[in-house]
Amino acid sequence: MYRARTRDIEVEVEPYYLEEQSDPEDSRYVWGYRIVISNHSDLTVRLVHRYWHITDQNGIVDEVEGPGVVGEQPRLQPGDTFEYSSGCPLDTPSGMMFGHYQMETDEGETFIVTIPAFSLDSPGLMRVLN
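Predicted model only: the values in this text are computed from it and were never measured. (Residues numbered from 1 in each chain as written. Predicted model: local features only at pLDDT ≥ 70, side-chain atom pairs only at ≥ 80, totals over all residues. Heavy atoms only, no water.)

A. Main features of the sheet that holds strand E3 (residues 29-39). Reading across from one edge, E1-E2-E3-E7 is the order of the 4 strands in this open sheet, with antiparallel pairing throughout. Only two strands of the sheet have a single partner each, and these edge strands are strand E1 (2-6) and strand E7 (81-90). The sheet shows a mean angle of 20° between the axes of neighbouring strands, direction not considered. The pairing of strand E2 (residues 9-17) with E3 spans 9 bridges and is classified as antiparallel. Pairing of Val 13 across the sheet is with Ile 35, part of E3. (Pairing = 2+ DSSP bridges. Helix = DSSP H or I, 4+ residues; strand = E, 2+ residues; numbered from the N terminus. Axes fitted to C-alpha atoms, helices over the stretch in contact; angles between N-to-C directions.)

What follows is the structure in structure tokens.
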């Protein structure tokens, strides 16, 4: 589990490899990830925009952005949580992702909430640390 907290908005990420959707012989590796966003602040906020920075094992970067998440712009009152799942295909057996959400308060103030960096690793992948 990966966690980040910005202005009392906590983002937890749990990535998992989707073997049934992956085809290593065709250089297709797919991960799912579950995200839980928790509002620990005293403000009501709405998630209005997302940005992802995805890097594969070869250093190829893909940037994805757009309104909301999974077709929604969830509104979180103090104490609320919002959970969703999504996925990411890569051409390599590993990679990493990070990003941010743009949040908006009921008063119209916008601010950025960090999505922690997390690794996408195929099962059985040997890692070499330098």
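Next comes the rest of the write-up.
B. A look at the pattern of salt bridges. With the rule as written, the count across this model stands at 8 salt bridges. A salt bridge links Arg 7 to Glu 109, with the shortest nitrogen-to-oxygen separation between them at 2.8 Å. Here Arg 7 is found in the loop between E1 and E2, whereas its partner Glu 109 is found in the loop between strand E8 (94-105) and strand E9 (110-121), with 102 residues between them in sequence. Classification of Glu 109 as partly exposed rests on a relative accessible area of 38%. Here Arg 34 and Glu 14 are joined by a salt bridge, their closest N and O atoms 3.1 Å apart. With Arg 34 in strand E3 and Glu 14 in strand E2, this pair connects stretches of sequence that are 20 residues apart. (Salt bridge = Lys/Arg side-chain N within 4 Å of Asp/Glu carboxyl O. Buried < 20%, exposed > 50% of the residue type's maximum accessible area, 1.4 Å probe, protein only.)

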